[in-house]
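These are the residues of each chain, in order.
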Amino acid sequence: MEYDQWICWREQERDGKPTKVPITPGRGEFASATDAQTWTSFEDALAGAESRDADGIGFVFTEDDPFVGVDLDDCRDRDTGAVAETAADITDRLDSYTERSPSGTGFHVLIRGELPDGRNRKGTIEMYDTARFFTVTGEHVTETPSRIATRQDALDALHREYVQEDPVEQTHKTGGDAPARESAQDSALDDQELLEKAKNARNGEKFERLWNGNTLGYESHSEADMALCALLAFWTGGDAKQMDHLFRQSGLMREKWDDVHYAEGSTYGEKTIERAIAGTSEFYEPAAAQSQETEDDVQGHNGASAPSRGQRAQPYLSEKNQLLKERVTELEGLLAQKNDRINTLESTVRELQETLAERESGEQRSDQGDIGDAGDAASGDVEESESATQTVWTRTKRFFADDE
C-alpha cells in the first residue's frame, strides 16, 4: 500500500530563523499536516520539488499509517561527520532506516511502531507519529539498515530514558509532593477532532491564523502565543499536556518554548500554558449541548470578547493579499531568471552550431568520429547520473510501503 501523504516544503525566515514551511505540491499554497486535501502522491511531491517551486519533500504522519519519526537535531558535525553520543545511542538501538536532515547537522530515524503517551520532545530530541510532517532527503546513513523496521520495544525504552518527564522532575516544577493534576477536565477530543472543531467554530478564522503562525494584530509573538493557548485551554478542557502537544504542532512553535525562564525551573511554554488555563473560565464539554455563542465567545488572556466577523476577516484578507503579492513577485522573478537562462542557452546553441559547421567543412571524417565518441561518453555519464538519482528516490518511496 502506498500512502498519499506527501507534501513539499520551502525554507522561509521567521523570527530571524530559517523555518520549513509546508507547501501543497503543484499549487504553491500553504499545506497543513492536519488537512489531507493539501497532500499528494510521492511522484507529484517529487515533481514539485524538482520544478524548483519548493526546496524539498516531506511525509505527513497520521493515525492511519504505522510510522514514527525520531528527529535528532544538532547532533552531527557537517564537516567531520562526528556524531554526538546520545544520537549514536538512539540510532544504534532503533536500528532502522536513518537519513541526514536537509541541514546535514541532524538525523531523521523512521520506524514502525506507536509513540508512547506523554511528552514527545525534550531538548534536541523529538518524536512524532501524527499531525506532523518530516522532511525526506533520501540521504541514507549507510551505517544504518536500508529499511524501516518495527522497533516498538526500543522506542518505548528510548522515550522513557530521553523524553518522558519523570515524577521527580514534575514534582519539582509544581512544588508539591506528587505530580500536579494537569487538566481542569477531560476534553474527550483527540487532536484531529479538536482541530476540526476549533477551525470550524465561529471564531475559527482567529484560531486558524494563530495555528498557522500568523501574529498579525498582536503586539508581540508572546502575546500571540498566549492567545492561541487561551483557545487551546478552552478546547482541551484545560488539559496542559494536550495543550503542549498541540502547540508544538502549530506555526507559532519556536525554541523559546522550552527555555527555562523562571527560578523554580518552569519553562516559558509551561508558564504560558499555566496562565492560559488560569485565565479561562469556561471549557468545552463534549457531553453537554454547548450553544454556538459559547464557542464564539471564547476569551483571550486579557478577557476581551472575540472580534466581530468583519474585524476577524480584515487582517486575514490583508495577510492573504500580501502573501499573494509576494508569490506573484516571486514568480515574476523566477520567470525572468528562466527567460535569461533560455536566452543564454539559445546563444550557446547558435555558437555550437557555428563551431560544428566550421569543423564539418574543415576537418577530416576521423576527427568527426572522435567528436561523436566523446559526445556518446558524455551522454552516458549524464544518463548514469540521472539513473542513480532515480534509484535513490525509488528506494526512498519503497520505504513507505505497507509491507516490510
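To be clear, the structure that these remarks concern was listed above.
The text that follows walks through the structure, step by step, so that each part is easy to find.

## Side note on the overall build of the protein chain
Along the protein chain, the regular secondary structure elements total twelve helices and nine strands. Buried residues in the protein chain amount to 41% of all 404 residues. In the protein chain, the share of contacts with a sequence separation of at least 24, taken over all contacts with a separation of at least 6, comes to 71%. Of the roughly 22200 Å² of accessible surface on the protein chain, a fraction of 46% belongs to carbon and sulfur atoms.

## A look at helix α6 (residues 204-211)
Burial analysis of α6 places six of its eight residues in the buried class, which makes it a mostly covered element. Residues of α6 that are buried: Gly-204, Lys-206, Phe-207, Arg-209, Leu-210 and Trp-211.

## A closer look at the pattern of salt bridges
Tallying each qualifying case throughout the model produces twelve salt bridges. A salt bridge links Arg-93 to Glu-161; its shortest N-O distance comes to 2.8 Å. Highlighted residues: Arg-93 in helix α2 (residues 85-94) and Glu-161 in helix α3 (residues 152-163), separated in sequence by 68 residues. Note on Glu-161: relative accessible area 48%, which makes it partly exposed. For Asp-258, the salt bridge goes to Arg-248, with nearest N and O atoms at 2.7 Å. One end of the pair, Asp-258, is in the loop between α8 (240-247) and α9 (268-278); the other, Arg-248, is in the loop between α8 and α9, and ten residues separate them in sequence. Among the charged side chains, a network of salt bridges with common partners joins Arg-121, Glu-126, Arg-132, Asp-244, Arg-248 and Asp-258.

## Considering the packing of aromatic side chains
Under the counting rule described, the total for this entry stands at twelve aromatic pairs. Seen in terms of ring centroids, Trp-6 and Phe-59 are 5.1 Å apart; in terms of plane orientation they differ by 70°. Their pairing is edge-to-face. Taken together, the residues Trp-6 in strand β1 (residues 6-14) and Phe-59 in strand β3 (residues 56-61) connect sequence positions 53 residues apart. Between Phe-59 and Phe-67, the aromatic rings sit 5.7 Å apart at their centres with planes inclined by 80°, giving edge-to-face as the arrangement. As far as burial versus exposure is concerned, Phe-59 and Phe-67 are alike and both buried. Of the aromatic side chains, those joined through ring pairs into one cluster are Tyr-3, Trp-6, Phe-42, Phe-59, Phe-61, Phe-67 and Phe-134.

## Some remarks on the pairing of strand β9 (residues 132-136)
With respect to burial, β9 is a largely interior element, four of its five residues being buried. Judged from the five bridges that link them, β3 and β9 form a sheet pairing that is antiparallel. Following the sheet pairing, Phe-59 is matched in β9 by Phe-134.

So, how was this worked out
- Numbering of residues begins from 1 in every chain and follows the order in which that chain's sequence is written.
- In keeping with the model being predicted, local features are shown solely for residues with a pLDDT of at least 70 and side-chain atom pairs are shown and tallied solely at 80 or more, while totals for entire chains, interfaces and linings include all residues.
- Each side-chain value is worked out from all heavy atoms of the structure, with water and hydrogens disregarded.
- Counting from the N terminus, the helices are the DSSP runs of H or I reaching at least four residues and the strands are the DSSP runs of E reaching at least two.
- Partly exposed residues are those whose accessible area sits between 20% and 50% of the maximum for their type, while under 20% is buried and over 50% is exposed, using a 1.4 Å probe and protein chains only.
- In this description, contact between two residues means that some pair of their heavy atoms is separated by no more than 4.5 Å.
- Computed by Shrake-Rupley with a 1.4 Å probe, the accessible areas treat only the displayed protein chains as cover when residues are assessed.
- By definition, a salt bridge exists where a carboxyl oxygen of Asp or Glu is found within 4 Å of a side-chain nitrogen of Lys or Arg.
- When the centres of two rings from Phe, Tyr and Trp lie within 6.5 Å, Trp using its six-membered ring, the rings pair. Their planes under 30 degrees apart give stacked, over 60 give edge-to-face, and anything left gives tilted.
- A pair of strands is labelled paired if DSSP reports no fewer than 2 bridges between them.

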